[in-house]
Amino acid sequence: MRHSLFVLALAAVAGPASASSLTSTFTLASDYLFDGVSQTQNDPAFQASLDWSHDSGFYLGTWASNVDFGSGDPADVEIDFYGGFAKEYESGWGWTAGFAHYTYTVAPSSYDYTELTAGVTFPGGTRLQAWASDDDALDGSAWRVKAKHSIDLGDDWSLDFEATRTNYSSPLFTDFTHGQLGVSKTFGNFAAYLGYSATTLGREDAAADDGKALAGGRVLFTLSATVDWLNL
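What this report covers is the structure whose coordinates are included nearby. (Residues numbered from 1 in each chain as written. Predicted model: local features only at pLDDT ≥ 70, side-chain atom pairs only at ≥ 80, totals over all residues. Heavy atoms only, no water.)

Observations concerning the pattern of salt bridges
Two side chains carrying opposite charge are able to pair once their charged atoms lie near each other.
Logical step 1: Counted under the stated rule, the structure contains six salt bridges.
Logical step 2: Note that Asp 35 and Arg 144 form a salt bridge whose closest N and O atoms lie 3.0 Å from each other. Of the two residues, Asp 35 sits in the loop between strand 2 (33-34) and strand 3 (37-38) while Arg 144 sits in strand 10 (residues 140-154), which places them 109 residues apart along the sequence. The two residues Asp 35 and Arg 144 agree in class, both being buried.
Logical step 3: Among the salt bridges present, the one from Lys 146 reaches Asp 35, with a minimum N-O distance of 2.7 Å. One end of the pair, Lys 146, is in strand 10; the other, Asp 35, is in the loop between strand 2 and strand 3, with 111 residues separating them in the sequence.
Logical step 4: With a relative accessible area of 8%, Lys 146 lands in the buried category.
Logical step 5: By relative accessible area, Asp 35 is classed as buried at 7%. (Salt bridge = Lys/Arg side-chain N within 4 Å of Asp/Glu carboxyl O. Helix = DSSP H or I, 4+ residues; strand = E, 2+ residues; numbered from the N terminus. Buried < 20%, exposed > 50% of the residue type's maximum accessible area, 1.4 Å probe, protein only.)

And the structure:
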């Protein structure tokens, strides 16, 4: 899943007081970046989610996006399923533990894989999350660690930082580091993001059908709308 499960989980348990919530977020993105690597041949993406959470801390959800892994590859739409438990404290500490299962329509089941994830948030807002998987789809094991921090600029603006390290056990994949810096603005049920993403991967590691790099430095823009189905 290319959005943070930790952010979704903590937002759910920190939301309005009610037994449970059911929301959807619809996003238009200039590119679908998975830790800085385009999943759409550098083309735009439309993404949607359905998220349920309970005041106890449990959450479940599904998320989908168009994908394009190049000519001849059958994958058309990525559909993810995730769940877990999250807790946030008045002191500013928080934690979450869960899973994410990735599937791809049209493509064979050998594309599908599952990750286990756990994260912690520190007083001051810095978040650290890790994912681990051991699956044939990845030709072995893999792990990712992401750090995120946002600075409140006032008037619903924020300055957002993130950095991710990804390592694979298989020589078929290249270990890499990703960094991203951007600004966010929320207005009502809408949110806009403009940022710059870059990785240590070269064109020889990930290239589109037209020869352009899939993981090079680029500007990312997203526009999202969230619907609260229980409070329409």
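So, the environment of Glu 115
Logical step 1: Topologically, Glu 115 is positioned in strand 8 (residues 113-121).
Logical step 2: Glu 115 gets classed as buried once you look at its relative accessible area, which sits at 5%.
Logical step 3: C-alpha of Glu 115 to C-alpha of Asp 152: the two residues are 37 residues apart in sequence and 31 Å apart in space.
Logical step 4: Glu 115 has contacts with Gly 98, Phe 99, Ala 100, Tyr 102, Trp 131, Ala 132, Ser 133 and Arg 144, leaving out every residue within four places of it along the chain.
Logical step 5: Only 2.8 Å separates the side chain of Glu 115 from the side chain of Arg 144, close enough to count as a polar contact. (Contact = heavy atoms within 4.5 Å. Polar contact = N/O pair within 3.5 Å; in protein donor to acceptor, adjacent residues only side chain to side chain.)

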